[in-house]
Structure formats: C-alpha cells, structure tokens
Amino acid sequence: MNITASGLNTTHAPDYPRWSETLRDRSHVVIRPMGSQDREEERAFIEGLSPQSRHFRFLGQVCRPSDRLLDQLTDVDNVHDVAFAAVTHEDSRERIVGVGRYSANTAGDVCECAVTVSDDWQGKGLGTLLMKHLIEVARARGIHRMYSVDSAENVRMTELAGDLGFLHHVDPDDASQLIHELLL
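Along each chain, numbering runs from 1 in the same order as the chain's sequence is written. Residues qualify for local features only when their pLDDT is at least 70, as the model is predicted, and side-chain atom pairs are given and counted only at 80 or more; totals for whole chains, interfaces and linings, by contrast, use all residues. Values reported for side chains reflect all heavy atoms of the structure, with hydrogen atoms and water molecules removed beforehand.

(A) Representation of the packing of aromatic side chains in the model. We call Phe, Tyr and Trp rings a pair once their centres come within 6.5 Å, taking the six-membered ring for Trp, and we label the pair stacked below 30 degrees between planes, edge-to-face above 60, and tilted otherwise. Per the stated rule, a full pass over the model turns up one aromatic pair. An angle of 90° between the planes, with centres 5.1 Å apart, marks the rings of Trp19 and Phe84 as edge-to-face. Placement of the pair is Trp19 in strand β1 (residues 19–22) and Phe84 in strand β3 (residues 81–90), with a sequence separation of 65 residues. When sorted by exposure, Trp19 lands in the same class as Phe84, which is buried. Geometrically, a charge over a ring is one whose NZ (Lys) or CZ (Arg) sits within 6 Å of the ring centre while staying within 35 degrees of the ring normal. A cation over an aromatic ring shows up here: Arg57 above the ring of Phe58, its NZ or CZ 4.8 Å from the ring centre. By the criteria applied, helices consist of DSSP H or I runs no shorter than four residues and strands consist of E runs no shorter than two, each listed in order from the N terminus. Each residue is assigned to one of three classes by its accessible area relative to the maximum for its type, calculated with a 1.4 Å probe on protein chains only: buried under 20%, partly exposed between the two thresholds, exposed over 50%.

(B) Here's a closer look at the pairing of strand β7 (residues 167–171). For two strands to be treated as a pair, DSSP must find no fewer than two bridges joining them. Strand direction decides the pairing type here: β7 and strand β8 (residues 174–183), joined by five bridges, are antiparallel. Residue pairing for β8: Asp171 is matched across the bridge by Asp174. Linking β7 back to β8 in an antiparallel pair, the connection comprises two residues.

(C) Main features of helix α5 (residues 155–163). For α5, the set of buried residues is Met157, Leu160 and Ala161. End-on view of α5: buried residues confined to an arc of 95°, all on one side of the axis. Any two residues having at least one pair of non-hydrogen atoms within 4.5 Å are treated as being in contact. Looking at the buried positions of α5, the neighbouring elements they touch are α4 (126–140), β6 (145–151) and β8. Taken from the residues just after α5, Gly165 is the one with a positive phi, measuring 95°. Think of it as the arc spanned by the lines of direction from the helix axis to the C-beta atoms.

(D) Region of the structure containing the confidence of the model for the chain. What pLDDT reports is the predictor's confidence in each residue, on a scale of 0 through 100. In the predicted model, the chain carries a mean pLDDT of 90, and 91% of its residues have values of at least 70. Of the regions scoring below 50 in pLDDT, residues 1–11 engages in 13 contacts with residues more than four places distant in sequence or in other chains.

As structure tokens, this is what we get:
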C-alpha cells in the first residue's frame, strides 16, 4: 500500500464504508469503495453494458474504455472523488454489477454524480441504493449541492432522480440533456 504525505491511500481503496444490501428480488450485493485494484473488473463492467446503457453513462458511444479512462475511473482519491462498486460473487470472484461515483469541485461544496447499473441488474433497486449512499457520504463531507447531467432519453434516471428529490431542467447548452440537482 502506498500512503502519500497527505495520508491518502494511493494504491487501494479504503476498507470502509461497506454496505451489505438485499435488493428487491432478494439478491445480495456488497457496496464498497472502488480503487485501482478494480481496473479490469471496471473494464469488464463497461464492456458488458448494452450500447444504450453505455451511451446513457458516457453521453456518447464508448465501446471499449481506453486505458486513460480506466485510470480516471479507478484512481480515486477518496477525498474529492468517491466511487463505490456494487459487487456480487460469481465463480469465486467478484463481479461489478453497479457503480456510483461523484467528483467534487475544488471548494468541496458541489459535486457531479453518476450511477450505472448492469443491464441484467436494473429494476432491482440497486441504482437507488448507490445514489442514497453517495448522498449520505456527500452530506457527511459538507457538500451542499449534487448534480448529474443525463440524456433526456434516460427515463429511468429521471425517475430515480425525482424519487430522491432531485429537481431537473433542460441543459441550456444541449437540449438533448437534463441536469438533475439536489440541495443537500
């Protein structure tokens, strides 16, 4: 493990927080911090998404994530950036079935968030759980506003955001996108 002068763990994600969750269909996942050790599982997760789910997540077509993108998604400082992986165990190894993350601005009072769930795990409540944990951690860290930029076609995200109290408006720079905002 590498610890920097600031005390940040630069090799692995912290061991906490961790949540063991039972979903609507009685399946179980563990939601835990994501780190550099998850690089190949994150690649498999992204490549396993349907074209529509990848489009909704990245607001563009990403078939194969680049090494640079994988570094960005898994090299998490756990101070300004937070990322949680929802994992299940299959064939004695972990499989990522959902990811929730946020990235805060330099002042640490606003963050952009994103949640993605594998197509075969959608509709079970996993996206809601990931968002609730992101909101909980953001509040605890003094973030005052959380937002997400999503395709206007992503009806599930609009419903999820609305259920959690986010308000939305059309992106003034791109009418095909919505901005969901939650005051914490």
